[in-house]
Amino acid sequence: MDGQVIEGRYIDARAYALYAIAAEAEAHGDLATALQAYELAEDSDPDSADIWTRIGSIRCRLGQRAAADDAFERARGIELDYAPAHREQARCDLSAGRLEPALARVERAILLDPDRDEGILLRAEILRRLGRTDDARLALRALLVRRPWSVDAWRALHAVALAVGDRASADQAERRLRELVPRGDAAGRPPSSRGPLAELDEALILGQLRRARRLARDADLPPAEVAVRAAALGRVGEAREQAELVAGADPASASALVALAVAADLSGDVEALTRACDALHASAAGGGLAVPPSLTGPPSLTVPPSPLARLLFAELLFRRVGRDAALTWLGPRPLRAPGARDPLSQEVERRVERELAGGAPAAP
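Residues numbered from 1 in each chain as written. Predicted model: local features only at pLDDT ≥ 70, side-chain atom pairs only at ≥ 80, totals over all residues. Heavy atoms only, no water.

1. Let's talk about the overall build of the protein chain
What the protein chain contains, in helices and strands, is 19 helices and zero strands. Across the 364 residues that make up the protein chain, the buried fraction comes to 44%. Sequence-distant contacts, at least 24 apart, represent 54% of the contacts inside the protein chain between residues at least 6 apart. Entry remark: accessible area of the protein chain is about 17900 Å², with carbon and sulfur atoms responsible for 54%. (Helix = DSSP H or I, 4+ residues; strand = E, 2+ residues; numbered from the N terminus. Buried < 20%, exposed > 50% of the residue type's maximum accessible area, 1.4 Å probe, protein only. Contact = heavy atoms within 4.5 Å. Areas by Shrake-Rupley, 256 points an atom, 1.4 Å probe, with all protein chains shown as cover.)

2. Examining the nonpolar core
If you look at the biggest cluster of nonpolar residues, it comprises 49 residues, and the most contacted ones within it are Leu-204, Leu-308, Leu-312, Phe-313, Leu-330 and Val-348. Counting residues in each nonpolar core, the second largest holds 25 residues, with Leu-140, Trp-154, Leu-157 and Ala-173 among its members. (Core = buried A, V, L, I, M, F, W, Y, C linked by side-chain atoms within 4.5 Å.)

3. Considering helix 1 (residues 13-27)
For helix 1, which comprises 15 residues, the first-to-last C-alpha distance of 21 Å matches the rise-based estimate of 21 Å (1.5 Å per residue) to within 8%. Looking at helix 1, one finds that the buried residues are Ala-15, Leu-18, Ala-22, Ala-25 and Glu-26. End-on view of helix 1: buried residues confined to an arc of 100°, all on one side of the axis. In this structure, helix 1 carries Ala-13, Tyr-16, Glu-24 and Ala-27 as exposed residues pointing more than 90 degrees from its buried face. In this structure, the buried residues of helix 1 make contact with helix 2 (31-44) and helix 3 (49-61). The N-capping residue of helix 1, defined by a side-chain oxygen 2.8 Å from the backbone nitrogen of Arg-14, is Asp-12. (Expected span 1.5 Å × (residues − 1). Arc of directions from axis to C-beta. Polar contact = N/O pair within 3.5 Å; in protein donor to acceptor, adjacent residues only side chain to side chain.)

4. Here's the deal with the state of the cysteines
Counted by the stated rule, this structure contains one disulfide. Here Cys-60 connects covalently by a disulfide to Cys-92, the sulfurs 2.2 Å from one another. Between Cys-60 and Cys-92, the S-S torsion sits near 100°, and that sign places the bridge as right-handed. Of this pair, Cys-60 sits in helix 3 while Cys-92 sits in helix 5 (residues 83-95), and the two are 32 residues apart along the sequence. (Disulfide = S-S within 2.5 Å.)

5. Focus: the confidence of the model for the protein chain
Looking at the protein chain, pLDDT values average 82 and 84% of them are 70 or higher. Note that pLDDT drops below 50 for residues 287-302; the model gives that stretch 38 contacts with residues more than four away or on any other chain. Confidence drops under a pLDDT of 50 for residues 360-364, and excluding neighbours within four residues, the segment shows 11 contacts in the predicted structure. (pLDDT = per-residue confidence, 0-100.)

6. Here's the deal with the side chain of Glu-88
As for its position among the elements, Glu-88 is in helix 5. Looking at Glu-88, its side chain comes within polar contact range of the side chain of Ser-57, at 3.3 Å. If we skip the residues at most four places from it in the chain, Glu-88 touches Thr-53, Arg-54, Ser-57 and Phe-72.

7. Details of the pattern of salt bridges
Scanning the model with the defined rule gives 35 salt bridges in all. With a closest N to O distance of 3.2 Å, Arg-235 and Glu-238 form a salt bridge. One connected set of salt bridges, linked through shared partners, spans Arg-87, Glu-88, Arg-91, Asp-113, Arg-116 and Glu-118. (Salt bridge = Lys/Arg side-chain N within 4 Å of Asp/Glu carboxyl O.)

8. Concerning the environment of Asp-152
On the secondary structure map, Asp-152 appears in helix 9 (residues 151-164). Owing to a relative accessible area of 49%, Asp-152 belongs among the partly exposed residues under this scheme. Sequence-wise, Asp-152 and Asp-117 are 35 residues apart; in three dimensions their C-alpha atoms are separated by 9.3 Å.

9. Some remarks on the packing of helix 8 (residues 133-146) against helix 9
Contact geometry for helix 8 and helix 9: axes closest at 10 Å, N-to-C directions at 155°. The angle between helix 8 and helix 9 falls in the class roughly antiparallel. Regarding helix 8 and helix 9, the two cross each other, and that crossing is left-handed. Where helix 8 approaches helix 9, its residues Thr-133, Ala-136, Arg-137, Leu-140, Arg-141, Leu-143 and Leu-144 are matched on the opposing element by Ala-153, Trp-154, Ala-156, Leu-157, Val-160 and Val-164. Among the residues forming the contact of helix 8 with helix 9, the class breakdown is 10 nonpolar, one polar and two charged. (Axes fitted to C-alpha atoms, helices over the stretch in contact; angles between N-to-C directions. Parallel < 35°, antiparallel > 145°, perpendicular 65-115°, else oblique. Left-handed = near helix turned anticlockwise from the far one by under 90°. Nonpolar A, V, L, I, M, F, W, Y, C, P; charged D, E, K, R; others polar.)

Below is the structure:
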């Protein structure tokens, strides 16, 4: 959980399945189905603060506020300091116009989970509704220092600025939203992952691995890709730590094993490099991953590495074996993948192209 190893309690498989059904229904706006599935999941896992919190949130959105409050109380009865229960009840209080209780609850949630943007944005909205617009602006400005790519934060600042007649802040927010949101995108999603990835890379460069993990989660980036990006940036310690964590959970993760191999190579740890390559071979032998035994045969990965990991392993082969091995690994496909690429991937592509165009170094 956020990079920390936590030994959890047993959860019935039926509860897992019903929770997944409920979450999908909730995401599609089918609140009745979501509530029914969450309540069935609670039958199989009555000691879950998370399930009771989701039940409370759905009941509130369906107008069942008394029942919602009861569900939130059940969640806190299981885990008193469960931040989502405090945050979701604050959201419910806000929808009912109970602003002071909502503020107290969301501030408690922020104290318990200060890195979650949802709580900060919710607090700013409650402050705005209370007429405390200066406090709302201050909270949003503080958030934007940490999250300059947050569309939701810029939108919230724009709304507050318009409410108080702060034209300069409103204009600034409009400019940033035009940069972050593609024209005609009603959902308000950023045009690409460039912004969040730049923030993630900055965290890795600063050695803030835990923050990088959280940013990757927020950007829906696989955990293995954090290790890959750390390796691409030359952050050997962060790459190894993250790769070992991911490979321990999923030994067939090609991207994690590639990141581990690259980090070992960059640090000159031949023994660790050998172990990482052996793990790639073991995955191939087990059928989870098809990697050529010589590491120079044509790749036929059933669980392939990401495009960036593929390029990094080509670099490793270039350094350790030679140009022909790297070209064989890359295969007949064009080096440049179609579609938008982030700056780090573009830089690695250019670097590999330069290396392959220049010939092969002597193998160590």
